[in-house]
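Chain by chain, the residues run as shown.
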Amino acid sequence: MKFVLALVAALVAAAPALAAPGHPKRTAIGHVALPTNVRPLRYDVTITPDAPNLTFSGQEKIQLTVASPTNRIELNAADIAFRKAALSGRAERPKVVLDTTQQTAAFVFSTPIAPGHYTLSLDFTGVIYEQASGLFALDYQAETGKQRAIFTQFENSDARRFIPSWDEPGVKSVFALTVHAPAGQMAISNMPVASSVAGADGRQTIRFADTPKMSSYLLFFALGDFERVHRMVGKTDVGVVVRRGMTSQAQFALDAAAQLLPYYNDYFGVDYPLPKLDFIAGPGRSQFFAAMENWGAIYYFDYALLVDPKLSTEADKQGIYVDIAHEMAHQWFGDLVTMAWWDDLWLNEGFASWMENKATDHFHPEWKIWLQTKGGEQGAMRTDSRGGTHPVITPIKDVFAAANAFDGITYQKGHAVIHMLESYVGEDAFRAGVRNYIAHHAYGNTVTDDLWREVDAVSPKKITDIAHDFTLQAGVPLIAMDSPGGKSVRLTQSRFGADAVSKTPRTWRTPVTVWNIGEPWKVVVSAGRPAVATDAVTRNCPIVNAGQTGYFRSAYSPELWACAVGMFDRLTPEDQLGLIYDSRALGETGYAPLTDFLALADKAPSAATSEVVRTFAQQIAALDGLYDGQPGQAAFRAFARARLAPAFARVGWDKKPGEPDSEALLRSTLLATLSQLDDPGVVAEARRRFAAWLTAPGSLTGAQRQMVIRTVAAHADAATWDQLHALGQKAVDITDKTRLYAYLGASHDPALADRALALSLTKDPSATDAPELISAVANVYPDKAWAFVMSHRAQVEAMVEPTSRTTYFTSIASGARDPAMAARLTAFAATVPASARGEVDKALAAIRYRHDVVTQRLPAADSWIAAHPG
Ligand SMILES: [Zn+2]
């Protein structure tokens, strides 16, 4: 799954706190799950959706095995009403016992069922939701009028809202789905249609081929007025499914998938095992996820799959390519081989997050995607060096806590750790291990150590110990380099922590690469084992974490830092980013002066590569956020604008013929940053272009259009805000509409922020655009947005799917730096289940962190800036 990064993680606010005492069994590995004495082999399910009335009915025959005598068969069901239940060979109708807290249904008989094979037959009805979980409806405007399509989203544990089932990743079965659908609509599931028969009642009966053995969370079904474009790639029918009339936007995704499939077949050493692979687009969005890897039927919201040449930007296209690569990697890593329980979710997500970049880099080296991943890794490192973090492999007590695991630690730290381990053992050895892992566990379930074992079996360098250090304990190592005696180089390891709780000493066996010492110097450093290279300092300066594939912070002694900065221009872009990121992080936390970072920014060469300048701009934008409302802000902004000016003069407003994407991305970042810094020239030019565009629609497309509207919206007056609102109302493209509404929340004018908040409660923005609008206000005015969501809590909760509610509310406050907000958030935490508080803890740590930087670090920065004016 591609989770929504802005929200970091999702939790269940509405879900009940914990187990009622009694039947859910605590298994050997310590989580609450269904009893294991009855297991399913196959589900034959027939669904009749009634989309207009948001309900459906189902008939189900479950072939199951009873391993030991029992008088009850227990499975998962939520929001399901049973009309009939029967077991083969039994005349007695079982009593149906529902546990709405644990989301189980038990079928209880008066006498024990003997071990053997049975068929459990169930008739039931269920609910079609309006937010994206379970079976859900998305409405949209088509040329023929208002239309409704339905889709499913089951990860982590919502298949139980569609079919009563053993809804745990470790229980794999065959699913045979049949659907009674209105004639003329297209139905999509994991497998191709096996037969389709028109009925006299105006409905068609569509039967899909049996799935392979798989986990319930990977089942998929969609129904609507769709079109499918497709192409054979080897023996796989690859398709993109869109709403009628939108096939022109599907081509980019189809080309990307066709390009990637042979690469993955080769990388994993096992061909994609299903006969078809579909990518399905749905309108709207979720606060939890952008895309989901259902086996053979990958679901995306439009914005993560479709490319409109008039509207999409270079960044959109790269993001879509990466998202396609992510979900395709899951078809093997997650779908063919699946984690046994949610503790190991990272194995799915960390791996897919790494693989998406490896595959993208293979086909688009010019995008420099590895450089672009560093920003996400930094986000994870910041979280991981504060209170509220958790190990990559984290115990998940029950499915209600599983949504906890979808966060930056699982995805971005997971990705970074795998990248580090791959570069430690080498590409070939790592791939050989992965191939054996896939081959040995196909159609089965695994734990993380199964992967390490396979890599260790083929690699001369062993990774299990290192992998354990980085996945079983939280936190970030600090590798410090100094030069005792002036000639040798010494590396020592401690822990990098931004607050008291994250400074507790800890040791990692950390693979470190140092450039400019030997060829290059590779060594494993741990707390008790410093590493020393003698006669190592030459006229080239040693660079720690060369290539930046290690998950740690690097600190230099003052002489070695000065030396490294002195040769900044000669470093690789990766290592330039390393110095930038580490100097800001060390400066904000007091390990080094924050002025080290400013000094680096001061000499930021406008001739550096686009990605490096872009990173500088992003760091400057982040620091500006900390300066908000501070006395030093005006001077900081003047300094920042002056440092960004040469780069902006180079890229300009307009795309140059044949320029690489990286220049377009840099332009967009520079304009966003200069707009944030209230650069008068940029704001005036955006207004001029906006006014011209209003009279000549079509004069702005793609990124240009986005940059102009975004800048105008941030600096809007009431009349401009009304114009933007009218544009949003008129917009036809769903992704464009969402963005236009979100811009209404981005105004720096507090009165307009209030209007945006009020608008979110009306039916004017779509149901899924309303929460985006509030989030946009929170980016500028967290306090205002927080007060609003708290005073309209029930209405705002209804806008967000239950799994995301606590996370969504937390995200509204998380950008604040006022300790008063920490107190409000703590009060909020007391109103949500204990298992849902992890995200709140992370946000509290982030708020305190910002407060500390503002009070403890900015004064020195102010003095430095005064001495280095714009
Ligand atoms: Zn994923």
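Just above, that's the structure.
Note that the coordinates shown come from a computational prediction; the quantities given were computed from them, not determined experimentally. (Residues numbered from 1 in each chain as written. Predicted model: local features only at pLDDT ≥ 70, side-chain atom pairs only at ≥ 80, totals over all residues. Heavy atoms only, no water.)

### Some points on the side chain of Arg-160
One can find Arg-160 in the loop between strand S12 (145-153) and strand S13 (172-182). A polar contact of 3.1 Å, which involves the side chain of Arg-160, links it to the side chain of Gln-103. Within polar-contact distance, the side chain of Arg-160 engages the side chain of Asp-167 at 2.9 Å. Setting aside residues no more than four positions away along its own chain, Arg-160 makes contact with Asn-76, Ala-77, Ala-78, Ile-80, Gln-102, Gln-103, Ser-165, Asp-167 and Val-399. (Helix = DSSP H or I, 4+ residues; strand = E, 2+ residues; numbered from the N terminus. Polar contact = N/O pair within 3.5 Å; in protein donor to acceptor, adjacent residues only side chain to side chain. Contact = heavy atoms within 4.5 Å.)

### Some points on the sheet that holds strand S8 (residues 95-99)
The sheet built from three strands is open, its strands ordered S6-S9-S8 with antiparallel pairing. Of all the strands in the sheet, just strand S6 (70-76) and S8 have a single pairing partner and so form its edges. Across the sheet, the axes of successive neighbouring strands diverge by a mean angle of 25°, strand direction being ignored. Note that S8 and strand S9 (residues 104-113) share five bridges and pair antiparallel. When the sheet's bridge partners are listed, Lys-95 is paired in S9 with Val-108. (Pairing = 2+ DSSP bridges. Axes fitted to C-alpha atoms, helices over the stretch in contact; angles between N-to-C directions.)

### Quick notes on the state of the cysteines
Covalent bonding between the sulfur atoms of two cysteines is what defines a disulfide. Scanning the model with the defined rule gives one disulfide in all. Across the disulfide, Cys-541 is cross-linked to Cys-563 (sulfur-sulfur distance 1.8 Å). Here the disulfide of Cys-541 and Cys-563 is left-handed, its torsion about the S-S bond being about -75°. With Cys-541 in the loop between strand S30 (531-533) and strand S31 (543-544) and Cys-563 in helix H10 (residues 558-566), the pair connects residues that are 22 residues apart, well separated along the chain. With a relative accessible area of 24%, Cys-563 lands in the partly exposed category. (Disulfide = S-S within 2.5 Å. Buried < 20%, exposed > 50% of the residue type's maximum accessible area, 1.4 Å probe, protein only.)

### Points about helix H24 (residues 805-814)
In terms of residue burial, H24 counts as a mostly covered element, since nine of its 10 residues are buried. When H24 is considered as a whole, its buried residues turn out to be Arg-805, Thr-806, Thr-807, Tyr-808, Phe-809, Thr-810, Ser-811, Ile-812 and Ala-813. On the buried face of H24, the contacting elements are helix H21 (770-780), helix H22 (782-791), helix H23 (793-797), helix H25 (819-829) and helix H26 (838-867).

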